Amino acid sequence: MSFSTIQTVQTDRAPAPVGPYSQGIVAQGELIFVSGQIPLDPVTGAIVSPEDVVGQTRQVMSNLQAVLEAAGVGFAQVVKTTVFLANLEDFALMNGVYGEYFDNDRAPARACVEVARLPKDVKVEIDCIAVRV
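Everything numeric in this text was worked out from a predicted model, so none of it was measured.

### Considering helix H2 (residues 91–98)
So, point 1. Looking at H2, one finds that the buried residues are Met-94, Val-97 and Tyr-98. Buried residues of H2, viewed axially, fall in a sector of 100 degrees; they line one side.
So, point 2. Turning to H2, the residues buried within the fold contact helix H1 (53–70), strand E4 (78–85), strand E5 (109–114) and strand E6 (124–131).

Written as structure tokens, this is what we have:
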């Protein structure tokens, strides 16, 4: 694969990267890889709902949606997600919000793991892979 078949995705509707990574990558014109999103407000850079996993998950999903749309796709094209939780006891609350974005008949494959710590001590981070069809 040459670099000409790899494009970066950048939108001001999602938080800017804080390191050497892209918000997303489009490979071969069909695969979209969205970097893990945390609940940062894209305008202020502030953590949204610091103590509330529901509010944080809504912001994470909003950030994912912004990057997906900048790549020309939406949640209907997502085939895989990875959810990182600071506390697995928050799974049901996160899952309730997450389920608002995906049709049960066509939900993507998913992994969900509890981690020792997330950037900025947030409660949830989600990344995804989509396929342009």
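What follows picks up the thread again.
### Digging into the side chain of Gln-59
So, point 1. Relative to the elements of secondary structure, Gln-59 occurs in helix H1.
So, point 2. Not counting residues up to four positions away in its chain, the partners in contact with Gln-59 are Pro-39, Leu-40, Asp-41, Pro-42 and Val-48.

### Section: the sheet that holds E6
So, point 1. Pairing within the open sheet is mixed, and its 6 strands lie in the order E1-E2-E3-E6-E4-E5. What marks the edges here is a single partner per strand, and that holds for strand E1 (6–9) and E5. Each neighbouring strand pair of the sheet contributes to a mean axis angle of 15 degrees, computed without reference to strand direction.
So, point 2. As paired elements, E4 and E6 share 7 bridges and run antiparallel to each other.

### Quick notes on the pairing of strand E3 (residues 31–37)
So, point 1. Here strand E2 (residues 24–27) runs beside E3; their pairing, made up of 4 bridges, is antiparallel. For Gly-24, the partnering residue across the bridge sits in E3 and is Val-34.
So, point 2. Pairing analysis gives 5 bridges linking E3 to E6, with the strands arranged antiparallel. Across the sheet, residue Val-34 finds its bridge partner in E6, namely Cys-128.

### Brief notes about the environment of Met-61
So, point 1. You can see Met-61 is positioned in helix H1.
So, point 2. Classification of Met-61 as buried rests on a relative accessible area of 1%.
So, point 3. Sequence spacing of Met-61 and Tyr-101 is 40 residues, and the spatial spacing of their C-alpha atoms is 7.9 Å.
So, point 4. With residues up to four places along the chain from it excluded, the contact list for Met-61 reads Phe-75, Tyr-98, Tyr-101, Phe-102 and Ile-126.

### With respect to the nonpolar core
So, point 1. In terms of nonpolar packing, the biggest core is built from 25 residues, with Leu-64, Leu-68, Val-124 and Ile-126 touching the most fellow members.
So, point 2. Among the elements of the structure, E3, H1, E4, H2 and E6 are those that each provide at least two residues to this core.
So, point 3. The dominant element in this core, judged by the number of residues it contributes, is H1, at 7 residues.
So, point 4. Other than its neighbours up to four places away in sequence, Ile-126 contacts Ser-35, Gly-36, Gln-37, Val-60, Met-61, Leu-64, Thr-81, Thr-82, Val-83 and Tyr-98.

Criteria and thresholds
- Residues numbered from 1 in each chain as written.
- Predicted model: local features only at pLDDT ≥ 70, side-chain atom pairs only at ≥ 80, totals over all residues.
- Heavy atoms only, no water.
- Buried < 20%, exposed > 50% of the residue type's maximum accessible area, 1.4 Å probe, protein only.
- Helix = DSSP H or I, 4+ residues; strand = E, 2+ residues; numbered from the N terminus.
- Arc of directions from axis to C-beta.
- Contact = heavy atoms within 4.5 Å.
- Pairing = 2+ DSSP bridges.
- Axes fitted to C-alpha atoms, helices over the stretch in contact; angles between N-to-C directions.
- Core = buried A, V, L, I, M, F, W, Y, C linked by side-chain atoms within 4.5 Å.

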